[in-house]
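# Observations on chain architecture
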Amino acid sequence: AEWPAPVHHTAAAHGLTSDLSSVTELLAQRLLLADKVAAAKYGTDTPIDDPEREARILDDVRARAAGLGLDPDAVAAVFRDQIEANKLVQRGLYARWDANPGERPTERPDLAKEVRPALDRITTQLLAALDDTERARSLPSCGPRLATAAGWSAYTHRLDGLHLKGLGRALPSVCAAP
Ligand SMILES: C=C(O[C@@H]1C=C(C(=O)O)C=C[C@H]1O)C(=O)O
């Protein structure tokens, strides 16, 4: 055989990358969209919790995980964490806006036309990132690597305390169970 082997495909395409920042970057981006979700809902009859939308998301990612050869339960657990993290941030923003009317959003984004499509784009990207990092997420080093990557994502996005708490809530199922 030839050596070194010709590179026909990227490491990421084979789940060989050990860098989890592609994942944490998307988790941070998704969490920052909670501000737009909350702004879309605050002061309206639309509740923070939408169990039907959540169930549709989880059904969809299970099917797409299976198509990628990923464990549907494990992938659904990651998205369940993202949804809980998002609601945690939404609730925190509501509390902040209730207490400080001056900080309330001045515009109400369109949940259906603007915000949910942005969340859906991240879903597609996150599924690809989970696929790319399948091996790294199964290693014992996943936890420390994930913490490091999350720290960088938090830093580059200048996350405040509430969003840091949300990012912490977003992480527990990213590393495969031992
Ligand atoms: C983001 C929303 O709010 C909540 C959080 C969701 C999520 O993180 O995907 C989905 C449904 C809601 O329970 C939304 O309504 O779209």
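Above this text you will find the structure in question.
Residues numbered from 1 in each chain as written. Predicted model: local features only at pLDDT ≥ 70, side-chain atom pairs only at ≥ 80, totals over all residues.

## Points about the environment of His157
Counting through the fold element by element, His157 comes out in the loop between helix 6 (142-156) and helix 7 (161-170). In this structure His157 comes out as partly exposed when scored by C-beta crowding, with 16 C-beta atoms within 10 Å. Between the C-alpha atom of His157 and that of Val37, which follows or precedes it by 120 residues, the distance is 18 Å. Sequence-distant contacts of His157, defined by excluding residues within four places in its chain, comprise Ala28 and Leu32. (Helix = DSSP H or I, 4+ residues; strand = E, 2+ residues; numbered from the N terminus. Buried ≥ 20, exposed ≤ 12 C-beta atoms within 10 Å, placed from the backbone. Contact = placed C-beta atoms within 7 Å.)

## A few points about the site of the ligand
Lining the immediate environment of the ligand, one finds Val37, Asp49, Asp50, Arg53, Glu54, Ile57, Gln82, Ile83, Asn86, Lys87, Arg116 and Leu119. Within the residue set of the shell around the ligand, elements represented by two or more residues are helix 3 (51-68), helix 4 (72-99) and helix 5 (111-132). Sorting elements by how many residues they give to the shell around the ligand places helix 4 first, with 4 residues. Looking at side-chain class alone, the shell around the ligand contains 4 nonpolar, 2 polar and 6 charged residues. (Near = placed C-beta within 6 Å. Nonpolar A, V, L, I, M, F, W, Y, C, P; charged D, E, K, R; others polar.)

## So, the nonpolar core
In this structure, Val23, Leu27, Leu31, Val75, Leu130, Leu146 and Leu167 are the most contacted members of the largest nonpolar core, which totals 38 residues. Those elements that place two or more of their residues in this core are helix 1 (21-32), helix 2 (34-41), helix 3, helix 4, helix 5, helix 6 and helix 7. For this core, the element with the highest residue contribution is helix 4, accounting for 8 residues. (Core = buried A, V, L, I, M, F, W, Y, C linked by C-beta atoms within 7 Å.)

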